[in-house]
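Listed below are the residues making up each chain.
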Amino acid sequence: MRVLLMGAGGVGTAISRIAARRTFLTRVTVADYDLSRAEAAVTALGPSETRFDAVRADASDEAAVTALLSSGGYDVLLNATDPRFVMPLFRAALGAGTHYLDMAMSLSYPDPDRPYEQCGVRLGDAQFALADAWRAADRLALVGMGVEPGLSDVFARHAADELFDEIEELGVRDGANLTVDGYEFAPSFNIWTTIEECLNPPVVYEEGRGWFTTEPFSEPEVFDFPEGIGPVECVNVEHEEVLLMPRWLQARRVTFKYGLGEDFIGKLKTLHALGLDRTEPVTVPGPDGPVRVSPRDVVAACLPDPATLGDRMSGKTCAGTWVKGTKDGAPREVYLYHVVDNEWSMSEYGSQAVVWQTAVNPVVALELLATGVWKGSGVLGPEALPARPFLDLLTAYGSPWGMREQ
């Protein structure tokens, strides 16, 4: 399989390190707007790894990426950029006749009149609008195939296939006890994406009502996470699983709650109050005259790169899906989960836990596609494909998952 990996940030670099240990890949080109980042990701693999090369590419330039895909004879475009670039890369893959895989979906836009009651443009709407074109081309766009979304959706499909007869609620719950020495505020994932998902109106799905929105940080609950992480307060945030799972799975309710903590929520609320979460450029003075900058990009530039925090981090991160329903007429609740210890991911791969946990899942998915175990056409989420082969292969990668009866 020949892969064009777009993006050489923390997740893209971790993908290259995981993929280099697998034999199903024949060529991987790591592409980034900053060529030095792509070259660094490839160089870190060592001189004996000849399947990987680096190029400069602008993810916002759809025509250029289409030409790159066509000239290189790639089978798949793997998108490891932030959500702003989903649509140009998504269309480029379709135009070049390649398959496509991402870990975050096209952007949402709140309803202008009732943002905390009803959905406007939902996550992934722009991608699903092109589903017929992908089917007509007999190509697969596998969307939301990271950890959350991604593995969490695989867990939901596994629960529906093997663990439950009826599902009352699918509730993704994400928590961690990670700390970063030397920083008062240092998010462990891309701050642009973090702001997007935490400050947009959260989406909830209910049978008979469909998708609707609530206030940010609504419905707080304390969830007890496994493997020593312990209780963490979780709140509703906008996330792809709520938009994906109801398309293929039967459940009366679908939610996503993130363990943010009071301090983190407070800082996000302050950014919002000051308008620093905005993406629309504002005019500021510069040495050569006024310049236009996005406040959110300024915030990102002021914070440390999450990919560089691994040596300062300690603790574990947990992604999982809580499922409530019935089996054989009896009530049942389980939590399907995946935990990564930062000490392990740093020592084994040189990648901090959150980016490594995100990165391993698209590589597993690529291997299933390369071997024909997973197949399809159109725009599909992870829950549209059988879960057991994925979970078995994830364990074979040396990163087992777990299940706890609630």
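Throughout what follows, the structure given in this document is the object of discussion. (Residues numbered from 1 in each chain as written. Predicted model: local features only at pLDDT ≥ 70, side-chain atom pairs only at ≥ 80, totals over all residues. Heavy atoms only, no water.)

**Comments concerning helix H9 (residues 240-248)**
- The element H9 is extensively covered by neighbouring structure, given that seven of its nine residues are classed as buried.
- What H9 keeps buried is the set Glu240, Glu241, Val242, Leu243, Leu244, Met245 and Pro246.
- In the core, the buried residues of H9 are packed alongside helix H5 (125-128), helix H7 (151-163), strand S7 (166-176), strand S9 (203-206), strand S10 (210-213) and strand S13 (253-259). (Buried < 20%, exposed > 50% of the residue type's maximum accessible area, 1.4 Å probe, protein only. Helix = DSSP H or I, 4+ residues; strand = E, 2+ residues; numbered from the N terminus. Contact = heavy atoms within 4.5 Å.)

**Considerations on empty space enclosed by the protein**
- This structure, assessed with the given rule, holds two cavities of 30 Å³ or more.
- Approximately 90 Å³ is the volume attributed to the largest cavity.
- In this structure, the largest cavity is lined by 16 residues; those nearest its centre are Gly120, Val121, Val203, Thr213 and Glu238.
- In terms of residue class, the lining of the largest cavity is built from nine nonpolar, four polar and three charged.
- In this structure, the second largest cavity occupies an estimated 40 Å³ of space.
- Lining the second largest cavity, in full, are Val3, Leu5, Ile15, Ser16, Ala19, Leu25, Val28, Phe52, Leu78 and Leu366. (1 Å grid on protein atoms, 1.4 Å probe; cavity = no way out; pocket = protein on both sides within 12 Å on 5 of 7 lines; lining within 4 Å. Points joined across faces, edges and corners; volume = space filled by probe spheres on them. Nonpolar A, V, L, I, M, F, W, Y, C, P; charged D, E, K, R; others polar.)

**Some thoughts on the pairing of strand S11 (residues 221-225)**
- The pairing of S11 with strand S12 (residues 230-236) spans five bridges and is antiparallel. For Glu221, the partnering residue across the bridge sits in S12 and is Cys234.
- Counted between consecutive antiparallel strands, the loop separating S11 from S12 contains four residues, among which Glu227 sits at a positive phi close to 55°. (Pairing = 2+ DSSP bridges.)

**A word on the packing of helix H8 (residues 191-199) against helix H10 (residues 262-273)**
- At a minimum axis distance of 11 Å, the contact between H8 and H10 shows a crossing angle of 90°. Regarding the angle of H8 to H10, the classification is roughly perpendicular. Side by side, H8 and H10 meet where Thr194, Ile195, Cys198 and Leu199 of the first sit next to Phe264, Leu268, Leu271 and His272 of the second.
- Of the residues assigned to the contact of H8 with H10, the class counts are six nonpolar, two polar and no charged. (Axes fitted to C-alpha atoms, helices over the stretch in contact; angles between N-to-C directions. Parallel < 35°, antiparallel > 145°, perpendicular 65-115°, else oblique.)

**Topic: the nonpolar core**
- Formed by 89 residues in total, the largest nonpolar core has its most connected members in Ile15, Val30, Leu170, Leu260, Trp374 and Phe390.
- Among the elements that make up this core, the one with the highest residue count is helix H13 (residues 353-370) (10 residues).
- Not counting chain neighbours up to four residues away, the residues in contact with Ile15 comprise Leu5, Leu78, Ala80, Met103, Ala359, Pro362 and Val363.
- Formed by 24 residues, the second largest nonpolar core is a distinct cluster that contains Tyr100, Phe128, Trp134 and Leu244. (Core = buried A, V, L, I, M, F, W, Y, C linked by side-chain atoms within 4.5 Å.)

Scope: geometric values only; no functional claims are made or implied.
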